[in-house]
Amino acid sequence: MTNLNLKPLFVALLSAIALVLGGCQSLNNKPDDSLYQQLGEREGIENVVEDLLYLIVEDERINQQFKGMDVARFHQNLTDQLCELSGGPCSYTGREMRELHSDMDITDTQFNALAENLILAMEQNDIPTGAQNRLIKQLLPLYPDIRNL
């Protein structure tokens, strides 16, 4: 049996799906805050992140990676990051993704588990599927830095 490296194909497929499902970007230079609005603005994003934290604690695939972290700081930084990525009026001031994850040796399984939990948290908060896909599309470019590839 041939051992194929499917990781690049998987990432390309996810990118293509996110692009198709995410819709076209605006051609004007105005900031698009519609995703921010669909996520429930700052309060909605805070709720998603809070629910994500509960899911992380319960998920044996990834909870050890988060052991000992400053929960309040993580909540604040991830909320700011998702707010900024969604077109909201926030600024992420935390560490760069590559630096932050450099010594974590995150596997594809762990990366996918966190993405799955983020989707579950968005579903628990009634975020529309289109908005979920648009947010995932914004997060995809972070994959190489989080995985240290």
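Caption draft 1: The arrangement of the layout of surface pockets in detail. Its boundaries defined by the atoms lining it, the largest pocket holds a volume of some 1,200 Å³. Surrounding the largest pocket, 43 residues form its lining, Phe74, Leu78, His101, Leu114 and Ile146 being those nearest its centre. Mapped onto the lining of the largest pocket, the elements with two or more residues apiece are α1 (7-22), α4 (71-85), α5 (97-101), α6 (108-124), α7 (129-139) and α8 (143-147). The element contributing the most residues to the lining of the largest pocket is α6, with eight residues. Split by residue class, the lining of the largest pocket holds 27 nonpolar, 11 polar and five charged.

Caption draft 2: Seen up close, the packing of α6 against α7. Axis separation between α6 and α7 bottoms out at 11 Å; the angle between their running directions is 150°. It follows from the interaxial angle that α6 and α7 lie roughly antiparallel. For the element pair α6 and α7, the recorded crossing hand is right-handed. Every residue of α7 that contacts α6 at Leu118, Ile119, Met122 and Glu123 is listed here: Gln132, Leu135, Ile136 and Leu139.

Caption draft 3: Layout of helix α3 (residues 41-58). The end-to-end C-alpha separation of α3 is 26 Å, in line with the 26 Å expected for 18 residues at 1.5 Å each. Residues of α3 that are buried: Gly44, Ile45, Val48, Val49, Leu52, Leu53, Leu55 and Ile56. Among the structural elements, α2 (34-38), α4 and α6 are those in contact with the buried residues of α3.

Caption draft 4: Inspection of the nonpolar core at higher detail. In terms of nonpolar packing, the biggest core is built from 29 residues, with Leu39, Ile45, Leu82, Met122 and Leu135 touching the most fellow members. Put simply, the parts of the chain that give this core at least two residues each are α2, α3, α4, α6, α7 and α8. The leading source of residues in this core is α3, at six residues. Those residues in contact with isoleucine 45 that sit more than four places away from it in its chain are Tyr36, Leu39, Thr79, Leu82, Cys83 and Ser86.

Caption draft 5: Structural detail: the packing of aromatic side chains. Tallied over the entire structure, the rule returns two aromatic pairs. For the ring pair phenylalanine 66 and phenylalanine 74, a centre distance of 5.6 Å and an interplane angle of 80° mean the geometry is edge-to-face. Centre to centre, the rings of phenylalanine 111 and tyrosine 143 are 4.8 Å apart; their planes meet at 85°, and the pair counts as edge-to-face. Linking phenylalanine 111 in helix α6 with tyrosine 143 in helix α8, this pair joins segments that are 32 residues apart in sequence.

Caption draft 6: Spotlight on the packing of α3 against α6. The N-to-C vectors of α3 and α6 enclose an angle of 130°; their axes lie 8 Å apart at closest approach. If you check the angle between α3 and α6, you find them oblique. Helix-helix and strand crossings are classified by hand; for α3 and α6 the assignment is right-handed. The segment α3 lies against α6, with Val48, Asp51, Leu52, Leu55 and Ile56 engaging Leu114, Asn117, Leu118, Leu120, Ala121, Met122 and Gln124. Taken together, the residues of the contact of α3 with α6 sort by class into nine nonpolar, two polar and one charged.

Calculation criteria
Residues numbered from 1 in each chain as written. Predicted model: local features only at pLDDT ≥ 70, side-chain atom pairs only at ≥ 80, totals over all residues. Heavy atoms only, no water. 1 Å grid on protein atoms, 1.4 Å probe; cavity = no way out; pocket = protein on both sides within 12 Å on 5 of 7 lines; lining within 4 Å. Points joined across faces, edges and corners; volume = space filled by probe spheres on them. Helix = DSSP H or I, 4+ residues; strand = E, 2+ residues; numbered from the N terminus. Nonpolar A, V, L, I, M, F, W, Y, C, P; charged D, E, K, R; others polar. Axes fitted to C-alpha atoms, helices over the stretch in contact; angles between N-to-C directions. Parallel < 35°, antiparallel > 145°, perpendicular 65-115°, else oblique. Left-handed = near helix turned anticlockwise from the far one by under 90°. Contact = heavy atoms within 4.5 Å. Expected span 1.5 Å × (residues − 1). Buried < 20%, exposed > 50% of the residue type's maximum accessible area, 1.4 Å probe, protein only. Core = buried A, V, L, I, M, F, W, Y, C linked by side-chain atoms within 4.5 Å. Phe/Tyr/Trp six-rings, centres within 6.5 Å; stacked < 30°, edge-to-face > 60°.

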